[in-house]
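# An overview of the molecular structure
Take a look at the letters that make up each chain.
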Amino acid sequence: QVHLMESGGGSVQAGGALNVSCAISGFGNSYYCVAWFRQASAKERVWVAVKSTDGRPFYAESVKGRFTVSQDNTKNTLYLQMNNLKPEDTAMYYCAARRVCSSRQSDFNYWGQGTQVTVSS
C-alpha cells in the first residue's frame, strides 16, 4: 500500500539545476524516513541524501553544498534540489522509504521507479 514515485528528472548542461520530487503515499500519519539514492550506468546504487524524521538533513560528500533536500508535508512530497550539476551526477535517481532511518540501503523496503538525470559537459 506504500507507494513512492519520482519525477522531475531530465537533461541539463553542466552547472545547471534540477529539482526532483518524490511523492509518498500509504504511510498515513506515521513517522517515516525517506532517502535519495542514485545509480549510474554499470555502477551500484549509492546513497545521496536524507532528511531524518527529526528534520536534520544529511548528504553524501559528493553532493554536499550543491544538493538540498526538503519536504512539503501538505503534499507528502520530498524534494531534492540539485544545483551546479556535474556530468558525474548523471544517474537514475531513486527515493526509498522505511519506518526508521537506516545506514543500509537494503533496509529500505519501499522504492520508487526512479527518474533519470543526465548532465552534459
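Everything here concerns the structure above.
It should be emphasised that the depicted structure is a prediction, and the values quoted were computed from it without experimental measurement.

## Digging into the packing of aromatic side chains
- Per the stated rule, a full pass over the model turns up five aromatic pairs.
- Judged by centre distance (5.5 Å) and plane angle (75°), the rings of F37 and F108 are edge-to-face. A residue pair is termed long-range when its members are at least 10 positions apart, and F37 in strand β4 (residues 33-39) and F108 in the loop between β9 (91-98) and β10 (110-111) qualify at 71 residues. Just as F37 is buried, F108 falls in that class too.
- Between Y94 and W111 the ring centres are 6.4 Å apart and the planes differ by 80°, which places this aromatic pair in the edge-to-face class. Here Y94 is found in strand β9, whereas its partner W111 is found in strand β10, with 17 residues between them in sequence.

## Let's talk about the layout of surface pockets
- In this structure, the largest pocket spans a volume of roughly 370 Å³.
- Around the largest pocket, the lining is made up of 16 residues, and of these Y31, Y32, T53, Q71 and N73 lie nearest the centre.
- Elements that contribute at least two residues to the lining of the largest pocket include exactly β7 (67-72) and β8 (77-82).
- For the lining of the largest pocket, the residue count by class is five nonpolar, nine polar and two charged.
- Approximately 170 Å³ is the volume found for the second largest pocket.
- Residues belonging to the lining of the second largest pocket are distributed by class as follows: three nonpolar, three polar and four charged.

## Here's the deal with the pattern of salt bridges
- Under the defined criterion, the tally for this structure stands at four salt bridges.
- In this structure, D89 engages R66 in a salt bridge whose closest nitrogen and oxygen atoms are separated by 2.7 Å. Pair noted here: D89 is in the loop between β8 and β9 and R66 is in the loop between β6 (57-59) and β7, with a separation of 23 residues, a long-range link. This pair shows no difference in class: D89 is buried, exactly as R66 is.

## Comments concerning the nonpolar core
- Core analysis: the biggest nonpolar cluster contains 27 residues, and L4, C22, V34, W36, F67, L80 and M82 have the highest contact counts within it.
- Excluding residues that lie within four positions of it along the chain, F67 makes contacts with R38, V48, Y59, L80, Q81, M82, N83, L85, D89 and Y93.
- Counting residues in each nonpolar core, the second largest holds six residues, with A35, V50, A96 and F108 among its members.

Conventions we followed
Residues numbered from 1 in each chain as written. Predicted model: local features only at pLDDT ≥ 70, side-chain atom pairs only at ≥ 80, totals over all residues. Heavy atoms only, no water. Phe/Tyr/Trp six-rings, centres within 6.5 Å; stacked < 30°, edge-to-face > 60°. Helix = DSSP H or I, 4+ residues; strand = E, 2+ residues; numbered from the N terminus. Buried < 20%, exposed > 50% of the residue type's maximum accessible area, 1.4 Å probe, protein only. 1 Å grid on protein atoms, 1.4 Å probe; cavity = no way out; pocket = protein on both sides within 12 Å on 5 of 7 lines; lining within 4 Å. Points joined across faces, edges and corners; volume = space filled by probe spheres on them. Nonpolar A, V, L, I, M, F, W, Y, C, P; charged D, E, K, R; others polar. Salt bridge = Lys/Arg side-chain N within 4 Å of Asp/Glu carboxyl O. Core = buried A, V, L, I, M, F, W, Y, C linked by side-chain atoms within 4.5 Å. Contact = heavy atoms within 4.5 Å.

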